[in-house]
Amino acid sequence: MDPFEARDAHAFDYGMHEGSAMKVSHHFAGHTGMPVAIQTWVIEPGGFEGFHRHEGQGALQEFYQVIEGRARMRVGERVYELGPGDSVLADAGVDHDLRNTGGTGLRVLTV
């Protein structure tokens, strides 16, 4: 496997959790050998991930880091206003949603 990947090399349009359509880059097409999925999402202004939670055996904890743009993220009962460099953890079993509140595309790294 080539250790270099160009920006958006494995990007595709996708809708998650009944949210808006977004562009998802599944880095190295998911073939890193690591036990996590590493993705970059681009959500257009006003778009959102969709309110959801991960439950049951193998439930996921998710890491989100804003790379570009502005966002609002609800995790449980708390709401966070996010900008470039800000990060949030959403624990397994906790309702969460990410929304683009800016005027440009929101680029977010998720693990």
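Residues numbered from 1 in each chain as written. Predicted model: local features only at pLDDT ≥ 70, side-chain atom pairs only at ≥ 80, totals over all residues. Heavy atoms only, no water.

Here we look at the sheet that holds strand β3 (residues 39-43)
Turning to step 1, where the next piece is worked out: Sheet architecture is open: 6 strands sit in the order β1-β2-β3-β9-β4-β7, paired in antiparallel fashion. Strands with a single pairing partner mark the edges of an open sheet, and in this sheet they are β1 (11-15) and β7 (87-90). Averaged over all adjacent pairs, the angle separating strand axes in this sheet is 30°, with direction ignored.
Turning to step 2, where the next piece is worked out: In terms of strand pairing, β3 meets strand β9 (residues 106-110) through 5 bridges, oriented antiparallel. Across the sheet, residue Val-42 finds its bridge partner in β9, namely Arg-107. (Pairing = 2+ DSSP bridges. Helix = DSSP H or I, 4+ residues; strand = E, 2+ residues; numbered from the N terminus. Axes fitted to C-alpha atoms, helices over the stretch in contact; angles between N-to-C directions.)

Topic: the pairing of strand β2 (residues 21-26)
Turning to step 1, where the next piece is worked out: Note that β1 and β2 share 5 bridges and pair antiparallel. Within β2, the residue paired with Asp-13 across the bridge is Lys-23.
Turning to step 2, where the next piece is worked out: The loop that links β1 with its antiparallel partner β2 comprises 5 residues; one of these, His-17, has a positive phi angle of about 50°.
Turning to step 3, where the next piece is worked out: As judged from the 4 bridges shared by β2 and β3, these two strands associate in the antiparallel manner. Looking at the pairing, Ser-25 lines up with Thr-40 of β3.

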